[in-house]
Every structure is written in C-alpha cells, then in structure tokens.
Amino acid sequence: MSDPIFVRHGRLHYFVREILKRLRVPATHASKISDALVTSDLAGFEGEGVSRLPYFATRISAGLIKANPEMQIAH
C-alpha cells in the first residue's frame, strides 16, 4: 500500500475546479462541484469525494453526463 499524500484543501479545490472547467463545465458549476467533492473528503467520506473525479471526467468526455445541462425549476 502506498503512503498517503497530503494536499491543502484549497489547492485540491482549485485542481478539481480547473479539470472540470477544461471539460467545459461552467465555472460556477465547477466551483460548486469542487466544493462538494473536497468537503466530502474533509468529512471523511473519501469514496464520495475527489476520488470520483475520474469517473465524472470519463462520463462527461463520453457525453454520458452533460457538462452544461439546461435545467428549470418547476415548483
């Protein structure tokens, strides 16, 4: 098993946000998604945090997740 790598959460947030922006996710959405992923890691839910980024990136790249969906609030 490899040794853990420690990264400041602000730098990790920036890294995740920039990857999402390069995948054409709008900056505001990329920032919110990054917040959620990093916060999950900080809360101890590593399986729901930044480790999910490759999964999301693959699905966005394949067109299975829309990078900028059009959504409306119905109620």
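See the structure printed just above.
Residues numbered from 1 in each chain as written. Predicted model: local features only at pLDDT ≥ 70, side-chain atom pairs only at ≥ 80, totals over all residues. Heavy atoms only, no water.

Enquirer: Just give me the short version of the layout of surface pockets, but keep the residues and values in it.
Expert: Within this model, the largest pocket holds a volume of roughly 240 Å³. Surrounding the largest pocket, Ile5, Phe6, Val7, His9, Leu12, Val38, Asp41 and Leu42 form its lining. Sorting the residues of the lining of the largest pocket by element identifies α1 (9-22) and α2 (27-42) as the ones contributing at least two each. Looking at the lining of the largest pocket element by element, the count peaks at 3 residues for α2. Class assignment of the residues belonging to the lining of the largest pocket gives a composition of 6 nonpolar, 1 polar and 1 charged. Size it by volume and the second largest pocket reaches roughly 200 Å³. Residue lining of the second largest pocket: Leu20, Val25, His29, Lys32, Ile33, Phe56, Ile60, Ile65, Lys66, Ala67, Pro69 and Met71, and that is the complete set. Listing elements by their share of the lining of the second largest pocket, those giving two or more residues are α2 and α3 (53-61). Here the lining of the second largest pocket takes 3 residues from α2, the largest share from any one element. Grouping the constituent residues of the lining of the second largest pocket by class yields 9 nonpolar, 1 polar and 2 charged. (1 Å grid on protein atoms, 1.4 Å probe; cavity = no way out; pocket = protein on both sides within 12 Å on 5 of 7 lines; lining within 4 Å. Points joined across faces, edges and corners; volume = space filled by probe spheres on them. Helix = DSSP H or I, 4+ residues; strand = E, 2+ residues; numbered from the N terminus. Nonpolar A, V, L, I, M, F, W, Y, C, P; charged D, E, K, R; others polar.)

Enquirer: Can you lay out unusual backbone geometry for me, pointing to particular residues and giving the numbers?
Expert: With phi around 75°, Arg24 is a residue other than glycine that occupies positive phi space. For Arg24, the location among the structural elements is in the loop between α1 and α2.

Enquirer: Mind laying out the side chain of Ser34, listing which residues take part and the relevant values?
Expert: Mapped onto the elements of the fold, Ser34 is located in helix α2. Not counting chain neighbours up to four residues away, the residues in contact with Ser34 comprise His13, Val16, Arg17 and Leu20. (Contact = heavy atoms within 4.5 Å.)

Enquirer: I'd like to hear about the pattern of salt bridges, residue by residue, with values.
Expert: Under the definition given, this model contains 2 salt bridges. Residues joined by salt bridges that share partners form a network here, namely Arg17, Glu18 and Lys21. (Salt bridge = Lys/Arg side-chain N within 4 Å of Asp/Glu carboxyl O.)

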